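# Per-entry structural report
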Amino acid sequence: MNQITWEEPYCAEGANCFRIGTDPTGNAYIAVAGQEENPLTDTHDALRALILEIKAGKADHLL
């Protein structure tokens, strides 16, 4: 696996913490903090699209 540069964890209430990372080849990663060895990975564009859709409310039904 490529060298991943992780951002600081984003934590909601409680211990629900996630980290976002990138590598030099243009991939983006999301992982549960403390479990970075098992990330979800895709391109920067795919991660950007996911975040924009979540911000637009398209995942609100999961709350």
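All of these numbers come straight from a predicted model, not from anything done at the bench. (Residues numbered from 1 in each chain as written. Predicted model: local features only at pLDDT ≥ 70, side-chain atom pairs only at ≥ 80, totals over all residues. Heavy atoms only, no water.)

This paragraph deals with the overall build of the chain. A tally of helices and strands in the chain yields one helix and five strands. If you line up the chain on its principal axes, its C-alpha atoms span 35 × 25 × 15 Å. Restricting the contact set of the chain to residue pairs at least 6 apart, pairs at least 24 apart contribute 14%. In the structure as shown, the chain presents an accessible area of about 4900 Å², 56% of it carried by carbon and sulfur atoms. (Helix = DSSP H or I, 4+ residues; strand = E, 2+ residues; numbered from the N terminus. Contact = heavy atoms within 4.5 Å. Areas by Shrake-Rupley, 256 points an atom, 1.4 Å probe, with all protein chains shown as cover.)

Further remarks concern the pattern of salt bridges. Evaluated as defined, the whole model comprises three salt bridges. Across the salt bridge formed by R19 and E36, the nearest N and O atoms sit 3.1 Å from each other. Of this pair, R19 sits in strand β3 (residues 17–22) while E36 sits in the loop between β4 (27–32) and β5 (40–43), and the two are 17 residues apart along the sequence. R48 is the salt-bridge partner of D45, the closest N and O atoms lying 2.7 Å from each other. Of this pair, D45 and R48 both sit in helix α1 (residues 44–55), separated by three residues, roughly a single helical turn. According to the relative accessible area criterion, D45 is exposed, its value standing at 54%. By relative accessible area, which is 48% here, R48 ends up partly exposed. (Salt bridge = Lys/Arg side-chain N within 4 Å of Asp/Glu carboxyl O. Buried < 20%, exposed > 50% of the residue type's maximum accessible area, 1.4 Å probe, protein only.)

Another point: the state of the cysteines. Here, disulfide denotes a covalent bond that connects the sulfur atoms of two cysteines. With the rule as written, the count across this model stands at one disulfide. C11 shares a disulfide with C17; S-S distance 2.0 Å. Because the torsion about its S-S bond is 115°, the bridge between C11 and C17 counts as right-handed. Look at C11 and you get partly exposed, because its relative accessible area is 38%. Note on C17: relative accessible area 16%, which makes it buried. (Disulfide = S-S within 2.5 Å.)

Structural measurements only, silent on function.
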